[in-house]
Amino acid sequence: MLLNFLDALRAADIPASIKEHLLLLEALDRDVIARRPEDFYYLARATYVKDEALLDRFDRVFARVFKGVLGAEGDEAEIPEEWLRLVAEKFLSPEEMARIQSLGDWDEIMKTLKQRLEEQKERHQGGNKWIGTGGTSPFGHGGYNPEGVRIGGSSRHKRAIKVWEKREFANLDNQKELGTLNIKVALRRLRRFAREGAAEELDLDATIRGTARQGWLDIHMRPERHNAVKLLLFLDVGGSMDPFVTLCEELFSAATGEFKNMEFFYFHNCLYEGVWKDNRRRFSECIPTWDILHRYGHDYKLIFVGDAAMSPYEISHPGGSVEHMNEEAGAVWLQRVTRTYPAAVWLNPTPKAHWAYSHSTGMIRELMQDRMYPLTLAGIDTAMRELTRKR
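Predicted model, so just to flag it, every value in this text is computed and none were measured. (Residues numbered from 1 in each chain as written. Predicted model: local features only at pLDDT ≥ 70, side-chain atom pairs only at ≥ 80, totals over all residues. Heavy atoms only, no water.)

**Overview of helix 13 (residues 359-367)**
Reasoning step 1: Within helix 13, burial applies to S360, T361, M363, I364 and L367. One side of helix 13 carries all its buried residues, which in axial view fall inside an arc of 160°. Exposed residues on helix 13 whose side chains face more than 90 degrees from its buried face are H359 and E366.
Reasoning step 2: Residues of helix 13 that are buried in the fold lie against helix 11 (313-316), helix 12 (330-340), strand 12 (344-348) and strand 13 (372-374).
Reasoning step 3: Where helix 13 ends, the next residue or the one after it, Q369, has phi of about 55°, a positive value. (Buried < 20%, exposed > 50% of the residue type's maximum accessible area, 1.4 Å probe, protein only. Helix = DSSP H or I, 4+ residues; strand = E, 2+ residues; numbered from the N terminus. Arc of directions from axis to C-beta. Contact = heavy atoms within 4.5 Å.)

**Digging into the side chain of D39**
Reasoning step 1: Residue position: D39 is located in helix 3 (residues 37-48).
Reasoning step 2: Only 2.9 Å separates the side chain of D39 from the side chain of R36, close enough to count as a polar contact.
Reasoning step 3: Not counting the four nearest positions on each side in its chain, D39 is found in contact with I33 and A34. (Polar contact = N/O pair within 3.5 Å; in protein donor to acceptor, adjacent residues only side chain to side chain.)

**Quick word on the packing of aromatic side chains**
Reasoning step 1: Counted according to the given criterion, the structure contains 21 aromatic pairs.
Reasoning step 2: On the numbers, 5.3 Å between centres and 35° between planes, the contact of F234 with F304 is tilted. Of this pair, F234 sits in strand 7 (residues 230-236) while F304 sits in strand 11 (residues 301-305), and the two are 70 residues apart along the sequence. Both residues of the pair, F234 and F304, belong to the buried class.
Reasoning step 3: Arranged with centres 5.3 Å apart and planes meeting at 65°, the rings of Y296 and Y300 form a pair that is edge-to-face. An identical accessibility class is assigned to Y296 and Y300; each is buried.
Reasoning step 4: Through successive ring pairs, a cluster of aromatic residues spans F5, F40, Y41, Y42, Y48, F58, F62 and F66.
Reasoning step 5: Here the basic side chain of K277 rests over the ring of F264, its NZ or CZ set 4.0 Å away from the ring centre.
Reasoning step 6: The ring centre of F265 lies 4.7 Å from the NZ or CZ of K277, which sits over that ring. (Phe/Tyr/Trp six-rings, centres within 6.5 Å; stacked < 30°, edge-to-face > 60°. Lys NZ or Arg CZ within 6 Å of the ring centre and 35° of its normal.)

Here it is, written out as structure tokens:
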């Protein structure tokens, strides 16, 4: 069982080693925990998980491996789930609600709940005493009581002083797709601050020093501090990228707010001799790729965003494009661009586990010298490290 658990952790990309496995066995052999499933869970998690981003994956693996093996311990009273199924709704007028009395303070309510758990032997609904649904009892759900314990169900009147139910909370996983705010945080690794341009910002420290030195108010101004990194963003649109529109919009919004010196262009499937800025006018207002190579300096960072899913001929052969007759293969243009901009990466919104099923993805990865990263928090973080690496 424990060896299967170790294999399952490794299969989920949790770096669990034999050393950690032996440590867990030694801890169990020395009885460092009580023989309870909850204690074993925390011991295993503390032994195997060294990164909080992996907690969610560990929980899923633990639940899958030990499902049905680790049962509830002790003889504590348990409320059957079918008792809590909402089978009736009790609608009360404000006057009826006012006549319903609370049991008292917290201690009295919890003491009464314990007694009801010990006494109640069957399902109940619509009443004013037992644990059930749809009544005026202080225990259960779906009814009304000015103060009580909601057991299961959803809140209706927001009057419960305690909630007893199964709560599902997901830990953060660095393989999850991102929102705009998280993308901004990940992109901030690619920052190099500088003060350039007009002096429009008050330099408070220099003003204080100047005033103290001169004996009168000596105001100093300075240029605004901003991210001096220059970025070219190429976005694949249409076709197989349609399911990722929302994610790409979030990335585009985050990058626009994070980089003052950013230029963006659209392409479809693979980069060819032309790109565009307006998808509605992509045939009438196409921008030659050569112009971009000549207009923007080698110090620009380059990010491609695309799923790299296409016919391999679109990359390897002239005329392979699905939309026009390209005189040169897409691979030729990718090589030109990456030679011009050595700091270049490719962000792929498709889960990394699926990349091996696409031959074209492998071709793009090779052309990008394996600088393709998943469009996740960890993937963007690694990509930004690559872009900041000295060459």
